[in-house]
Amino acid sequence: MLRINVAGKMTKTGKETEDQTRAGYSPEFLAHALTPQNVGLMSDPDGYGAPQGECGDMMEIGLRVRGDLIDNIAFITDGCAFTVACGSVVTTMVKGRTVAAALEIKPEDIIGALGGLPPEHEHCARLAVDTLRLAVKDYLKNRSAPWKK
Ligand code: FES
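Student: So, the overall build of the protein: which residues are in play, and what are the values?
Tutor: When you go through the protein residue by residue, the secondary structure sums to six helices and five strands. Helices (α) and strands (β) of the protein occur, in sequence order from the N terminus, as β-β-α-α-β-β-β-α-α-α-α. Burial statistics for the protein: of 149 residues in total, 48% are counted as buried. For the protein, long-range pairs separated by at least 24 residues make up 58% of all intrachain contacts whose partners lie at least 6 apart in sequence. With the model as given, the accessible surface of the protein reaches about 7,500 Å², and the carbon-plus-sulfur share is 54%.

Student: Provide a residue-level description of the pairing of strand β5 (residues 69-77), including the pertinent values.
Tutor: Looking along a regular strand, one sees the side chains alternate between the two faces of the sheet. The pairing of strand β4 (residues 59-66) with β5 spans eight bridges and is antiparallel. Bridged to Arg 64 within β5 is Asn 72. The turn linking β4 back onto β5 is made up of two residues, and Gly 67 within it adopts a positive phi angle of 65°.

Student: Any chance you could break down the packing of helix α2 (residues 27-34) against helix α3 (residues 81-94) for me, citing the residues and the numbers?
Tutor: Where α2 contacts α3, the two axes come as close as 8 Å, and the packing angle between them is 95°. On the basis of the axis angle, α2 is roughly perpendicular to α3. Taken together, the residues of α3 that come into contact with α2 (itself represented by Phe 29, His 32 and Ala 33) are Ala 81, Phe 82, Val 84, Ala 85, Ser 88, Val 89 and Thr 92. The class makeup of the residues in the contact of α2 with α3 is seven nonpolar, three polar and no charged.

Student: Just give me the short version of the packing of α3 against helix α6 (residues 122-144), but keep the residues and values in it.
Tutor: Between two packed helices, both the angle of their axes relative to each other and the distance between the axes serve to describe the pair. Contact geometry of α3 with α6 gives a least axis separation of 8 Å together with a crossing angle of 40°. What the angle tells us is that α3 and α6 run oblique. The element α3 and its partner α6 pack so that their crossing is right-handed. For the pair formed by α3 and α6, the contact residues are Phe 82, Thr 83, Cys 86, Gly 87, Val 90 and Val 94 on the first element and Cys 124, Ala 125, Leu 127, Ala 128 and Leu 132 on the second.

Student: Give me the lowdown on the sheet that holds strand β3 (residues 47-49), citing residues and values where you can.
Tutor: The sheet built from three strands is open, its strands ordered β3-β4-β5 with antiparallel pairing. The outermost strands of the open sheet, each flanked by one partner alone, are β3 and β5. Going across the sheet, the axis of each strand differs from the next one's by a mean of 15°, ignoring polarity. Where β3 and β4 come together, three bridges link them in antiparallel fashion. Directly across from Tyr 48, in β4, lies its bridge partner Gly 62. Set on the sheet, α3 makes contact with β4 and β5; between it and β5 the angle comes to about 175°. Those strands touched by α6 are β3, β4 and β5, and its axis lies near 40° from that of β4.

Student: Provide a residue-level description of the pattern of salt bridges, including the pertinent values.
Tutor: On inspection of all chains with the given rule, the structure shows three salt bridges. The residue Glu 54 makes a salt bridge to Arg 126 at a minimum N-O spacing of 3.2 Å. Of this pair, Glu 54 sits in the loop between β3 and β4 while Arg 126 sits in helix α6; the two residues are 72 residues apart in sequence, bridging distant segments of the chain. Glu 54 gets classed as exposed once you look at its relative accessible area, which sits at 62%. The partner of Lys 141 in a salt bridge is Asp 138, with the nearest N and O atoms 3.6 Å apart. With a gap of three residues between them, Lys 141 and Asp 138 both fall in helix α6, about one helical turn apart.

The rules behind the values
Residues numbered from 1 in each chain as written. Predicted model: local features only at pLDDT ≥ 70, side-chain atom pairs only at ≥ 80, totals over all residues. Heavy atoms only, no water. Helix = DSSP H or I, 4+ residues; strand = E, 2+ residues; numbered from the N terminus. Buried < 20%, exposed > 50% of the residue type's maximum accessible area, 1.4 Å probe, protein only. Contact = heavy atoms within 4.5 Å. Areas by Shrake-Rupley, 256 points an atom, 1.4 Å probe, with all protein chains shown as cover. Pairing = 2+ DSSP bridges. Axes fitted to C-alpha atoms, helices over the stretch in contact; angles between N-to-C directions. Parallel < 35°, antiparallel > 145°, perpendicular 65-115°, else oblique. Nonpolar A, V, L, I, M, F, W, Y, C, P; charged D, E, K, R; others polar. Left-handed = near helix turned anticlockwise from the far one by under 90°. Salt bridge = Lys/Arg side-chain N within 4 Å of Asp/Glu carboxyl O.

Written out as structure tokens, the structure reads:
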């Protein structure tokens, strides 16, 4: 089971730091940070994005589209607990929605869904949104020129 330590990195142990992390965060943040949704690497996605955030951490998103709906989506990150929560939220927000709707999501939407983020971690929401946009744009590029995939 993944654990999130105070510094915000995923670890396989770290029970002692989980209790410290619980203090002062919204239930929404804790739910997404401690039991993130849609974690994983997708093989042969229709769209893929893997940018590096301003802090140097990375996120990867792969998605599958059926019709015009995002049918499946998965993310991984080597970033902090805030980034894990942001990746979880952004993937749950767009699963089952249209590609166009996914492009409308803003970092403020992620921050609001998590009940706020510390100002020094708002860039984690930007990384999640940037990764989603790259994956959607990759899908749109592949759809318009499938021979290039
Ligand atoms: Fe690097 Fe959160 S601190 S993405």
